[in-house]
Amino acid sequence: MTRRVRVRFAPSPTGPLHIGGVRTALYNYLFAKKNNGDFILRIEDTDSQRFVPGAEEYIIEALTWLGLQFDEGTHVGGNYGPYRQSDRKDIYKEYVDQLLEKDAAYIAFDTPQELEAKRTEIANFQYDASTRMQMRNSLTLSKEEVDNLIKEGNQYVVRFKIAPDQEVIVNDIIRGEVKYNSSVLDDKVLYKSADSLPTYHLANIVDDHLMEITHVIRGEEWLPSAPLHVLLYRAFGWEDTMPQFAHLPLLLKPEGNGKLSKRDGDRLGFPVFPLEWKDPKTGEISSGYRESGYLPEAVVNFLALLGWNPGNDQEIMSMDELIGMFSLEKCSKSGAKFDYEKGKWFNHQYIQLRPDSEIANIYYPILEEKGIDCEIGYVEKVVNLVKERVNFIKELWDQSYFFFGAPASYDEKVVKKRWKDESPVQLAELTEVLNGIDDFSAHNQEEIIKAWIESKGYHLGNIMNAFRLAIVGESKGPHMFDITATIGKEETISRLEKAIKEIKPL
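Residues numbered from 1 in each chain as written. Predicted model: local features only at pLDDT ≥ 70, side-chain atom pairs only at ≥ 80, totals over all residues. Heavy atoms only, no water.

**Focus: the overall build of the protein chain**
So, step 1. In terms of helices and strands, the protein chain carries 20 helices and 14 strands.
So, step 2. Computed over the C-alpha atoms, the radius of gyration of the protein chain is 32 Å, more than 25% above the 23 Å expected from 2.2 N^0.38 for a compact globule of 506 residues.
So, step 3. Taken along its principal axes, the extent of the C-alpha atoms in the protein chain is 110 × 50 × 40 Å.
So, step 4. Within the protein chain, counting contacts between residues at least 6 apart in sequence, those at least 24 apart form 72% of the total.
So, step 5. Here the protein chain displays about 23900 Å² of accessible surface, and carbon together with sulfur accounts for 47% of that area.
So, step 6. Of the charged side chains in the protein chain, 61 are positive and 80 negative; the average position of the first set lies 3 Å away from that of the second. (Helix = DSSP H or I, 4+ residues; strand = E, 2+ residues; numbered from the N terminus. Rg over C-alpha atoms; globule rule 2.2 N^0.38 Å. Contact = heavy atoms within 4.5 Å. Areas by Shrake-Rupley, 256 points an atom, 1.4 Å probe, with all protein chains shown as cover. Lys, Arg positive; Asp, Glu negative; His and termini not counted. Charge placed at Lys NZ, Arg CZ, Asp CG, Glu CD.)

Following this line, the structure appears as structure tokens:
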């Protein structure tokens, strides 16, 4: 019988969620929804030393902002909880004991100093079948010695006992069959008595098994741990329920070689976190996609195509379209360069696709900060005229400020180039023409003004350039008559009269 697809996104709350982690979460979500399965959030907080307050809440808020809704998790519950590993201590201890009983694991008492001494003694030291009998563990100590050491409160770890020279095959959906020799693996620590917590390796396997995870979709950096996980499944006798693996390609630096890092974003001026993050220890603030003005659907679309291709030329895809087309088989094996300029392009496209009313409502708080008080309907009209010129909502102000007030000054370079000796007289005449127009629509204005310019034998460019300077204050903005139709007849004439008085030829 085919099992219901169940995938998990399992971040550690050790800081902000990297954009590479966001892509992993997205691919898990798309795969689950494509297969009518479950998308689960599991918080892997077994490393108590690296825990950062607020990180879990940040992760949930970031993925919620992007529209990735979990079916189960720490914040929504479910039938397979608890979903936070620190709440599952008792569960893990049971499975540690099982491995010890099966002689698949052993207890080790080696101190950090003893391990360091061994590393000094043996080049490229690895705690494995070739060295374990030289160490202080339950394989070299009697049962009585082990019991006494535990009774006396000595700290210990439980290590996985890996048999040497075995072929371990990892069947990966993206990479195919990957073979390893067990001799390259060390006897990983599975449990630490110091905090009564398992390490990632044991907790990961036990949780995936108990939560009935069918597919493990994670970054390429986890591929080296896959053979260990295969061996653990074997040790527990869970081969029949082992999930299928899919290791995603790395997100690479925009320039040069290597994995995308925060330093790349700082250097080139783009975020590497979905939301702004304030480090609770240092107070350092790192930029986020949301606060930088990206729309969530643009970020989703952009990330989806970094390492996956639908097999056609389509680039703009809604979440439903992404779900419909997604497959792990179409994921690339090689890393994907992080083209942050393409991310801006996606944001531009999605601003154009959003209704003017939605963009206006996002823009309105920026206007309020500037002291602008106007009707939202007016803002919608302005947005309609200028949104094609911006990549981000915050750029709307630079493209539209002149809709909300007359120029306080006039660009000197434009004055020198566009304001002729005859401009004041011609604009005074233009003022009279505009004053006589009842239908102040852009189309009607344009017809009348162009006919007047032609009848007077004036140079069209000279008139229109001076007109724009008077209304805007510089050479920018959308179609001139769209501007005047929007600000209205009274405001247009007022600005012309002001310009005639104030602008002096340079």
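**Comments concerning the packing of aromatic side chains**
So, step 1. Here the structure, examined in full by the defined rule, presents 28 aromatic pairs.
So, step 2. Arranged with centres 6.2 Å apart and planes meeting at 50°, the rings of Trp 397 and Tyr 401 form a pair that is tilted.
So, step 3. Classification of Trp 397 as partly exposed rests on a relative accessible area of 22%.
So, step 4. Taking the relative accessible area as the measure of exposure, Tyr 401 reaches 22% and is therefore partly exposed.
So, step 5. An aromatic cluster is defined as three or more aromatic residues linked by ring pairs; in this entry it consists of Tyr 363, Tyr 378, Trp 397, Tyr 401, Phe 402, Phe 403 and Phe 404.
So, step 6. Looking at Arg 159, its charged tip hangs above the ring of Tyr 127, at a distance of 3.8 Å from the centre. (Phe/Tyr/Trp six-rings, centres within 6.5 Å; stacked < 30°, edge-to-face > 60°. Buried < 20%, exposed > 50% of the residue type's maximum accessible area, 1.4 Å probe, protein only. Lys NZ or Arg CZ within 6 Å of the ring centre and 35° of its normal.)

**Remarks on the UniProt feature "short sequence motif: 'HIGH' region" (unreviewed entry) in the protein chain**
So, step 1. When the UniProt feature table is mapped onto this chain numbering, "short sequence motif: 'HIGH' region" (unreviewed entry) sits at residues 11-21.
So, step 2. Between the C-alpha atoms that bound residues 11-21 the distance is 8 Å, and the span itself is 27% helix and 0% strand. (UniProt positions renumbered as here; feature names shortened; annotations may be inferred.)

**Some points on the pattern of salt bridges**
So, step 1. Under the counting rule described, the total for this entry stands at 39 salt bridges.
So, step 2. The salt bridge involving Asp 87 is made with Arg 84; its shortest N-O contact spans 3.0 Å.
So, step 3. Each of Arg 8, Arg 42, Glu 44, Arg 88, Asp 207 and Asp 208 takes part in one network of salt bridges that share partners. (Salt bridge = Lys/Arg side-chain N within 4 Å of Asp/Glu carboxyl O.)

**Considering the pairing of strand S5 (residues 167-172)**
So, step 1. Going residue by residue along S5, you find Val 168, Val 170 and Asp 172 tucked away on one face and Glu 167, Ile 169 and Asn 171 left uncovered on the opposite face.
So, step 2. Two elements, S5 and strand S6 (residues 176-181), share six bridges in a ladder whose sense is antiparallel. Counterpart to Glu 167 in the pairing with S6 is Asn 181. (Pairing = 2+ DSSP bridges.)

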